[in-house]
2 protein chains.
Amino acid sequence: MSARYAHRAVVFTRNGEPASVLSTLTYPALPPPPPHSLNLKFRLSPINPSDINVVEGVYPSKPEPTKSLSAGQQLTESVCVPGNEGLAEVTDVGEGVTDIQKGDWVVMAKPQAGTWSSARTLGSHEVIKLDKGNISEVNAATIAVNPPTAYLMLRDYVNLNSGDWVIQNGANSAVGQAIIQIAAQQGVKTINFVRDRPDIDALKQQLTQLGATHVFTYNELSDKSFYKSVKELTGNNPPRLLLNCVSGPTTAQLTRLLGTDARLVSYGAMSKQPLAIPTGPLIFRGLKAEGFWITGRWSKDSEKEEKQKVLNAIVQMELKEPEHEIVTLEGSLTDEQAGARVREVARKIGEGKYGKKVLLRIEDPVTNG
Amino acid sequence: MSARYAHRAVVFTRNGEPASVLSTLTYPALPPPPPHSLNLKFRLSPINPSDINVVEGVYPSKPEPTKSLSAGQQLTESVCVPGNEGLAEVTDVGEGVTDIQKGDWVVMAKPQAGTWSSARTLGSHEVIKLDKGNISEVNAATIAVNPPTAYLMLRDYVNLNSGDWVIQNGANSAVGQAIIQIAAQQGVKTINFVRDRPDIDALKQQLTQLGATHVFTYNELSDKSFYKSVKELTGNNPPRLLLNCVSGPTTAQLTRLLGTDARLVSYGAMSKQPLAIPTGPLIFRGLKAEGFWITGRWSKDSEKEEKQKVLNAIVQMELKEPEHEIVTLEGSLTDEQAGARVREVARKIGEGKYGKKVLLRIEDPVTNG
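Computed from a prediction, not measured in an experiment: that's the story for all the values here.

Caption draft 1: Structural view of the relation of the copies chain B and chain A. Each copy of the sequence occupies a distinct position, and chain B is placed on chain A by a rotation of 180° and an axial shift of 0.0 Å, giving an RMSD of 0.0 Å. Here the two chains are linked by the operation of a two-fold rotation axis. Both copies contact each other with a shared surface, as 100% of the interface residues of chain B are interface residues in chain A too.

Structure representation (structure tokens):
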């Protein structure tokens, strides 16, 4: 049986299927943080699709491999701690940190910080403080990626006023639901597309309750007269923003609903097919297609002040908690047991058995020394 | 037999196949031009693919219908004169025109000016003067659309320095050949793609002689090791500009040869398929896709001074004349004969029988009065 220390992290040493390559590791108590740094205890860390891609080795950004998860530890082999997003509580504050106190809630400004762990030391500039009193633990743990993606795509590409229209596909994704809510709060109307499914009426109702103006399926769109009626919905104020996380041929149809000088902003490709765009709107109607990557390019190019401002705005919006399930790695588990648990969760996610966001709560192990 | 007047135009009264709907019309001599206007005699007017689309009614911009081609004429039915591009000689100058003289060569600043005619009156702001001594008649007649499309796409999207790389498909199109020549003059290297064909070696040689750095076929690209070798050509200075007039699935492959923050600029879609773009480069590598339309958006948004500057620069470049055939509508023909001739030319173009640019030389009819 492996030694058990004060803290625990999920790790991988080589890329592959998460259900095969993930394990857990315990490590010694963190020493007091160096100047301008913080010790953090993670409370909840989501398992996002991009985290899975990181472990598989197919995501363009990666966590840094390390041989030491705590100052007192020297591992024989480098490990990577996955986890890009998460809510942590500050447990200790280094010299020179003035804007953050012990007990504060923070989320990550640094991408791939390794949130699937119970405790880490990070620079104070690598986190963003949240207004602890005004947001739930689940909303805080899931605030840093999906809601700002929605918020910034609505803010930064087209000047939207109340009464304007936005089109999106994959509308019941986490980002899609945030888009619906944020647009509705801004008086912006949304035309939302989802795949057909047995419970389509329930889904339409659910998204409408979130604030969706219209919800349609791609199948419906393939009918010519229906297509025309969708086009008529927006009258002489046609949508100039199309938010895409699906790609493939259906996206080409959606671009035909857009007005002149529209923007097609992609943040995903769930169909795993290339994005299809009719060339005519690009040449003759000023359509532009680009992408948005919150944890990559946006994060790199934006100052911490801007990130803080965006998160503050989102906290104010009081978005609905995403549907979720919390998976706890209890402190009583051995590393073998905790690792098996994580791999089982990864396997179930791979098989699509959750259908909702999984959040890890990694408890400090019950120490044996 | 219809009356024969001083001038002749090709016209259509309804959209349709050019080989069916085109006819010719003669009209009285132009009166002296009003203030700030010019009388023009057209010397050569290309038949461009977009002109065909205009006649068919599938092009987004159209000539204005008119009931009078000359002040002395009143037609019972409105007619449209096609022709967006052409070289004209100034035959008379209205009051207040200071920058243009009788005998000057001009091309059109106004889109869809109706160049398939022997003589028209236009505002002096609707034409751009060329430096008559420094350019051939054929180059002048074909300077206003294709060469500026090439020049501006190379100038306005990515900051290109000598030694940088550009990729294009449809490389043996008129614009493609201009891209090769202009890039070569600027020290910019080009990777050119064309369709496979029986005489591919001759075509490769021809484009290389124009200045192409490399010429490949789409078939070659589908081979993985070949693809890798193309990627290696550009080393650590990957192309950031892809110029597209083909669209369809091959374009998706080409985008993978691009570096970060690249631009995919489309000016055509000869495959008649939607543009396919992998979503990854949009999201993770800052790829942006847009379109360029010289006779539409660029022309509308640009001052005459800018157009003049661009054409002056192109005259300086002494581009090779496009392969062409001049079709003369002799002055001795009746309208019936001239109309039949135009429809026959249109039919041959529709059947792809020319394989080179057709230029109309519409002579003033031999008058009968």
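Caption draft 2: Spotlight on the interface of chain B and chain A. Listed by partner, the interface residues are 28 residues for chain B and 28 residues for chain A. When residues of chain B are sorted by the area they lose upon contact with chain A, I283, F284 and R297 of chain B head the list and together hold 29% of the total. Where chain B touches chain A, the interface holds two salt bridges. Put simply, K288 of chain B and E290 of chain A hold a salt bridge, and the shortest N to O gap is 3.7 Å. Between the two partners, chain B and chain A, sit seven residue pairs in polar contact (both at pLDDT 80 or more).

Caption draft 3: Region of interest: the pattern of salt bridges. Across all of its chains, the model carries 32 salt bridges over all chains by this definition. A salt bridge links D104 of chain A to K129 of chain A; its shortest N-O distance comes to 3.6 Å. Of this pair, D104 of chain A sits in the loop between β4 (87-93) and β5 (105-108) while K129 of chain A sits in strand β7 (residues 127-130), and the two are 25 residues apart along the sequence. Note on K129 of chain A: relative accessible area 32%, which makes it partly exposed. R361 of chain B is paired through a salt bridge with E137 of chain B; the nearest N and O atoms lie 3.1 Å apart.

Caption draft 4: Spatial organisation of the packing of helix α5 (residues 174-185) of chain B against helix α6 (residues 200-210) of chain B. All names here are of chain B. Packing of α5 against α6 brings their axes to within 8 Å, and their N-to-C directions diverge by 45°. If you check the angle between α5 and α6, you find them oblique. Seen from α5, the contacting residues are Q177, I180 and Q181; seen from α6, they are Q206, L207 and L210. A per-class count over the contact of α5 with α6 returns three nonpolar, three polar and no charged.

Caption draft 5: Looking closely at the pairing of strand β6 (residues 119-123) of chain A. Residues and elements named next belong to chain A. Counting buried residues in β6 gives four out of five residues, a clear majority hidden from the surface. Note that strand β3 (residues 37-47) and β6 share five bridges and pair antiparallel. Residue pairing in the sheet places N39 in a bridge with T121 of β6.

Caption draft 6: Expanded view of the side chain of T234 of chain B. Residues and elements named next belong to chain B. Tracing the backbone through its elements, the reader meets T234 in the loop between α8 (224-233) and β11 (241-244). T234 gets classed as buried once you look at its relative accessible area, which sits at 8%. If near-sequence neighbours (up to four positions away) are discounted, T234 is found in contact with W165, I191 and P239.

Caption draft 7: Quick peek at the packing of aromatic side chains. Using the criterion set out here, one finds 14 aromatic pairs over all chains in the structure. Between the aromatic rings of F284 of chain A and Y59 of chain B, the centroid separation amounts to 5.5 Å while the plane-to-plane angle is 75°, which identifies the pairing as edge-to-face. In this pair, F284 of chain A sits in helix α10 (residues 279-284) while Y59 of chain B sits in the loop between α2 (49-56) and β4 (87-93), so the two residues belong to two different chains. By relative accessible area, F284 of chain A is classed as partly exposed at 26%. You can call Y59 of chain B buried: its relative accessible area is 10%. Among the aromatic residues, those joined into a ring-pair cluster are F193, F216, Y218 and F226 of chain A.

The rules behind each value
- Residues numbered from 1 in each chain as written.
- Chains lettered and ligands numbered in written order.
- Predicted model: local features only at pLDDT ≥ 70, side-chain atom pairs only at ≥ 80, totals over all residues.
- Heavy atoms only, no water.
- Least-squares fit on C-alpha atoms with pLDDT ≥ 70 in both.
- Contact = heavy atoms within 4.5 Å.
- Buried area = accessible area lost by both parts, 1.4 Å probe.
- Salt bridge = Lys/Arg side-chain N within 4 Å of Asp/Glu carboxyl O.
- Polar contact = N/O pair within 3.5 Å; in protein donor to acceptor, adjacent residues only side chain to side chain.
- Helix = DSSP H or I, 4+ residues; strand = E, 2+ residues; numbered from the N terminus.
- Buried < 20%, exposed > 50% of the residue type's maximum accessible area, 1.4 Å probe, protein only.
- Axes fitted to C-alpha atoms, helices over the stretch in contact; angles between N-to-C directions.
- Parallel < 35°, antiparallel > 145°, perpendicular 65-115°, else oblique.
- Nonpolar A, V, L, I, M, F, W, Y, C, P; charged D, E, K, R; others polar.
- Pairing = 2+ DSSP bridges.
- Phe/Tyr/Trp six-rings, centres within 6.5 Å; stacked < 30°, edge-to-face > 60°.

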